[in-house]
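# Architecture at a glance
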Amino acid sequence: MNFRLIGMLVLSTVILAGCATGVPDSGARGENFKPNTTEFFNASVGDRVLFAVNENTLGVEATSILNAQAAWLAQNTAFSAIIEGHADEQGTRAYNLALGARRAAAVQSYLVSQGVAASRLKTVTYGKERPIEICSSESCWSKNRRAVTVVSAGGTS
Amino acid sequence: MRNIGTCLALVLISLTALPLWAQSTGPLKIEITEGVIEPMPFAAPAFVAENTAARQMAEDLASVVVADLVGSGIFREIPRAAQISGISNFDAPVQFSDWKAINAQALITGAVTMRGNGQIVVKFRLFDVFAQAQLGEGLQFVGTQDDWRRMAHKVSDAVYARLTGEPGYFDSRVVYVAETGPKNARRKRLAIMDYDGANARDLTDDSALVLAPRFSPDGNKVLYTSYETGLPRVFVLNLKNMRRKALSELPGMTFAPRYSPDGKTILLSLSSGGNTDIYSVKVRGGKRTRLTSAPSIETAPSYSPDGNQIVFESDRAGSQQLYVMPAGGGEARRISFGSGRYGTPVWSPRGDLVAFTKMNKGRFHIGVMRLDGTEERLLTASFLDEGPTWSPNGRVLMFFRETRGAKGVPSIYSVDVSGRNLKPVPVSGNGSDPSWSTLLK
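Computed from a predicted structure; not experimentally measured.

Let us now look at the overall build of chain A. When you go through chain A residue by residue, the secondary structure sums to five helices and four strands. N-terminal to C-terminal, the α/β element order of chain A is α-α-β-α-β-α-β-α-β. Split into buried and exposed, the 157 residues of chain A put 54% on the buried side. Taking the intrachain contacts of chain A between residues at least 6 apart in sequence as the baseline, contacts between residues at least 24 apart amount to 73%. Total accessible area computed for chain A in this model is approximately 6600 Å², and 58% of it derives from carbon and sulfur atoms.

Dropping the structure here:
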């Protein structure tokens, strides 16, 4: 549990770097992890993509992260993933659940289009129930409108 | 405004129908000016304790009745301190002049007996002071000590009904989500309380995320969404035996459930492959029917009171808007055309209005409109107001309001359909997603 939290903190740095350059920063602090670990995936590949308000379109930054995710999944065939779709707090509960499902499905479709077997990818929506940033302004909302690819060794259940 | 106007007209009719009316000092007058009504003054002197053991209960019952009536915003209590005389004998003739002198238009008298077996007997009478006559029959309720608040609410409902000509809403409950913990690690449990926030208790623990409970029409079951399997799934909780079960064998993720008015069908949203559509599921047998099939989001369905139509939200036109379709699915007509987005539609139990959440320019509102989309009225405005639920008589809405910022928390509020009488429901702790029951039996 602690491990995962640390991974997430590192990750926001990676995402910011990724947004700026369009390419995930494969150095960062992921160098401490072996490439075939969840920690490496989260910190170095980048486990999440962000969305515009009410959108599920994948932008340039997002697709480059997903390309890296697909490449990593191609190499690490023992891993499968659950893709979590999230929304910011600026919406109603049910709609945000549907929106999160849409975002998770957009990531799933893209990864499948990049050769990842659909059987290795499941989706879940959390709507606005699991924000990572808690302020009520765009700086936080933009990070909460996300789809997170949670990888784990073994099949999805 | 229109609805409250109707309601007060009924007040007048029920009082003017009395035979002694013509001899009284003049017509009962209820001012409606600029949407502000003058609440009807009433007096509820201490209920008579018929035996010593009933003394405290008599006091408590009367204060709950007063709180109900005053809380409705339609009535105003003439405080005890201003009252010239009390009622010491429930069956003695009422000295109307004493009540007329303090301008109490309605007088409520009551008596309470505690029986040896723990039962309470509550009697009450309602009088039109100016007409010097009793309004309706005296009523008597018998119940256990645990139910004393319900008995008070029943008295209030009877008073409300006699003075407005409409059913009350006080003897009712609300299921909701009790929330604890910081915004980025929120814990949620299902909970239930009386309509006034009393008797709150948990229905589930917080081991799994739970969302949006909805009462069955008979009040015995609660539909809700739980993540206990890892995915959002609709569950039903039986309040009589506290057993819960997932709803049949629905694939994928399901949420936003709601019962039909006859309790035989459940509407819900099912997400599959990123597309969310509305389905109906029979309570018996689990037969499933897909009601929408657009690639857009269709969710938050709610039946009309006759069960023939469904109001729901969809972003098929690009943004979240409200639509009405036949209960069996088919062509839908859009009803919301104002600026901004509309969600969480709920059909009024009276059938005349739909309540909704509106999002516009970074603000959230609870509002109502007619079923053809006209006469839209926004009743509230804040950073985040969401999820209206109707009182059993369709006169009041509850919803939840979440405050802004890192320490933002949700609280349950109520507001009259006129937009007046906005106030927090006194729930201990934070709550969201209220669902108001029908009147209890």
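Still to come is the rest of the account.
So, on to unusual backbone geometry. Residue and element names in this part refer to chain B. The backbone phi angle of Ala-256 is positive, close to 55°, even though this residue is not glycine. Tracing the backbone shows Ala-256 in strand 17 (residues 253–259). The phi dihedral of Thr-344 falls on the positive side, at around 45°, and the residue is not glycine. By relative accessible area, which is 15% here, Thr-344 ends up buried.

Interface extent is often summarised as the accessible area lost during association of the parts. Between chain B and chain A, the residue contacts involve 40 residues of the former and 27 residues of the latter. For the pair chain B and chain A, the summed buried surface comes to about 2700 Å²; carbon and sulfur atoms form 58% of the total. Linking chain B with chain A are five salt bridges. The salt bridge partner of Lys-128 of chain A is Glu-386 of chain B, with a shortest N-O separation of 2.6 Å.

A word on the domain arrangement of chain B. All names here are of chain B. Domain assignment breaks chain B into domain 1 (2–164) and domain 2 (173–436). Just the C-alpha atoms count here: the centres of domain 1 and domain 2 sit 35 Å apart. The interface of domain 1 with domain 2 comprises 14 residues on the first partner and 18 residues on the second. Joining domain 1 to domain 2, the criterion identifies one salt bridge. We note a salt bridge from Arg-149 to Asp-196, for which the minimum N-O separation is 2.9 Å. Residue assignment for the side of domain 1 that touches domain 2 shows that the elements contributing at least two residues are helix 1 (2–16), helix 2 (55–71) and helix 4 (148–164). Its residues assigned to classes, the side of domain 1 that touches domain 2 shows four nonpolar, six polar and four charged.

Calculation rules
- Residues numbered from 1 in each chain as written.
- Chains lettered and ligands numbered in written order.
- Predicted model: local features only at pLDDT ≥ 70, side-chain atom pairs only at ≥ 80, totals over all residues.
- Heavy atoms only, no water.
- Helix = DSSP H or I, 4+ residues; strand = E, 2+ residues; numbered from the N terminus.
- Buried < 20%, exposed > 50% of the residue type's maximum accessible area, 1.4 Å probe, protein only.
- Contact = heavy atoms within 4.5 Å.
- Areas by Shrake-Rupley, 256 points an atom, 1.4 Å probe, with all protein chains shown as cover.
- Buried area = accessible area lost by both parts, 1.4 Å probe.
- Salt bridge = Lys/Arg side-chain N within 4 Å of Asp/Glu carboxyl O.
- Domains from an automatic or database assignment.
- Nonpolar A, V, L, I, M, F, W, Y, C, P; charged D, E, K, R; others polar.

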